[in-house]
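In case you want the letters, here they are:
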Amino acid sequence: MFTGKIVQINIDIKSLINIQLMKSIKLFIMAAILPLLASCLDNDETNSGFSAVGGSSGYANTTNGYIQFASLGNWYIVQDASTDWLKIDLMKGDGYSLYFIPTHFSQNTTGNMRMARIRIQDANESDAYTMFSIGQYATRGDGSLGNAPLVKTITCDDGAEFNITYDDKCRPNIFSMNRDGALVYDMSFDYNDSDTTLYVYSGSNTLEGRFDVGYQPDQLTSRNDSVTCRNSVYANSIAIMVERRLAGGEQYGVSQLFAGGQRFGADDEHVADSLKYRHIYSDGRQTYGEDLKLYFGEENTKVSNRNQSVDVNQLLLGMEECNPYMLLSLFRNMRNSYVITKAAGKDGDYTVATTLNPDKSVSTMTVTDKNGNKKTYTFGY
């Protein structure tokens, strides 16, 4: 993630060449740069053109990015109507330079992807310009829509309670789980945007990992614990697994199989065909597991799982088997785009019923387990 200052690298021809050799050396430099240029004029006295042009797109809650290019001539930027949500730190500059220019996004709360069209124009040659686009996705880095409300509390009629706070980029920064008023687990998050390092503090333990433009890590590790996400490809299917290892030998693992060549672009929707869950306790002998076929309801009755900040499907097996990192959706590809309605196992089924708020976020979710026992979760925003 590029969050620094403007970087300009000058290609200083005049200080390197004798004026009598100007034209011949110009042509030599042009020949070296030409394969990279998007456009170039033939005039020996006037050089123009752009190369290595591009920029970073962002998620709905991404706030910083960059554009980059090399310019032979003096230049200026013409931006379309996106100026209300995309700011570019430098709008004109000198030729014979390479540029890395910071950009700044406002958060996308439209619920739709939006695009900015950028034109870099040579200041002296009207025919020399390049155009490109920068996008901002409809979804946040965690997979929720940019206009989805933030879940601050989840309470269950079995005595479980979850509390979450967020920073100004809609990223979780404090999380706790309680049972009947007693603290079971808590953690806090520190996002260092300057070097893209995420620190997770839980008691005396600190996990850390690098995050991407969507503030998502692929792993978090400490001396004692780790949380890791891995992918495996099988023909046109992909299996994604998140494994959590704790000090003392306890392990949690959940894997989902996504069949049929599903896409995992920022705003793409995807659902898993099946789920496998394993919990190995610290004694190494006692194990709890589930092998479940997943269903998400009929096409016209499906409930989106992108209309609130948390992944409600992680509550299927109860608080004790809930991975907090997945509930907070730190591994976005594990987040099914729809709410599970049934999870079928060989020894019985879990069923799920939801009620929705007017904005289509989940208000309540009732899970009936294999034995017919019910738990109702209520979401507070």
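Right above here is the structure, for reference.
Residues numbered from 1 in each chain as written. Predicted model: local features only at pLDDT ≥ 70, side-chain atom pairs only at ≥ 80, totals over all residues. Heavy atoms only, no water.

To continue, consider the layout of surface pockets. Think of a ball as big as a water molecule: rolled over the atoms, this probe shows where empty space is left. Estimated volume of the second largest pocket: approximately 180 Å³. Forming the boundary of the second largest pocket are Asp212, Gln216, Pro217, Asp218, Cys229, Arg230, Asn231, Leu330, Phe331, Arg332, Asn333 and Met334. In the lining of the second largest pocket, the residues fall into five nonpolar, three polar and four charged. (1 Å grid on protein atoms, 1.4 Å probe; cavity = no way out; pocket = protein on both sides within 12 Å on 5 of 7 lines; lining within 4 Å. Points joined across faces, edges and corners; volume = space filled by probe spheres on them. Nonpolar A, V, L, I, M, F, W, Y, C, P; charged D, E, K, R; others polar.)

Bringing the sheet that holds strand β6 (residues 92–93) into the picture now. Strand order in the open sheet formed by four strands is β6-β4-β8-β9, and the pairing between neighbours is antiparallel. Two strands lie at the open edges of the sheet, namely β6 and β9 (129–136), each paired on one side alone. Across eight bridges, strand β8 (residues 114–122) lies against β9 in antiparallel orientation. Bridging across to β9, Ile118 finds its partner in Phe132. (Pairing = 2+ DSSP bridges. Helix = DSSP H or I, 4+ residues; strand = E, 2+ residues; numbered from the N terminus.)

A few words now on the pattern of salt bridges. The final tally for this structure, using the stated rule, is 14 salt bridges. Its salt-bridge partner being Arg245, residue Glu243 comes within 3.2 Å of it at the nearest N-O pair. With relative accessibility at 14%, the residue Glu243 sits in the buried group. Take Arg245: its relative accessible area is 37%, and that puts it in the partly exposed class. Ionic pairing is found between Arg306 and Glu269, a salt bridge with its closest N-O pair at 3.3 Å. Here Glu269 lies in the loop between β19 (251–258) and β20 (274–280) and Arg306 lies in the loop between β21 (287–295) and α2 (324–327), a separation of 37 residues in the sequence. (Salt bridge = Lys/Arg side-chain N within 4 Å of Asp/Glu carboxyl O. Buried < 20%, exposed > 50% of the residue type's maximum accessible area, 1.4 Å probe, protein only.)

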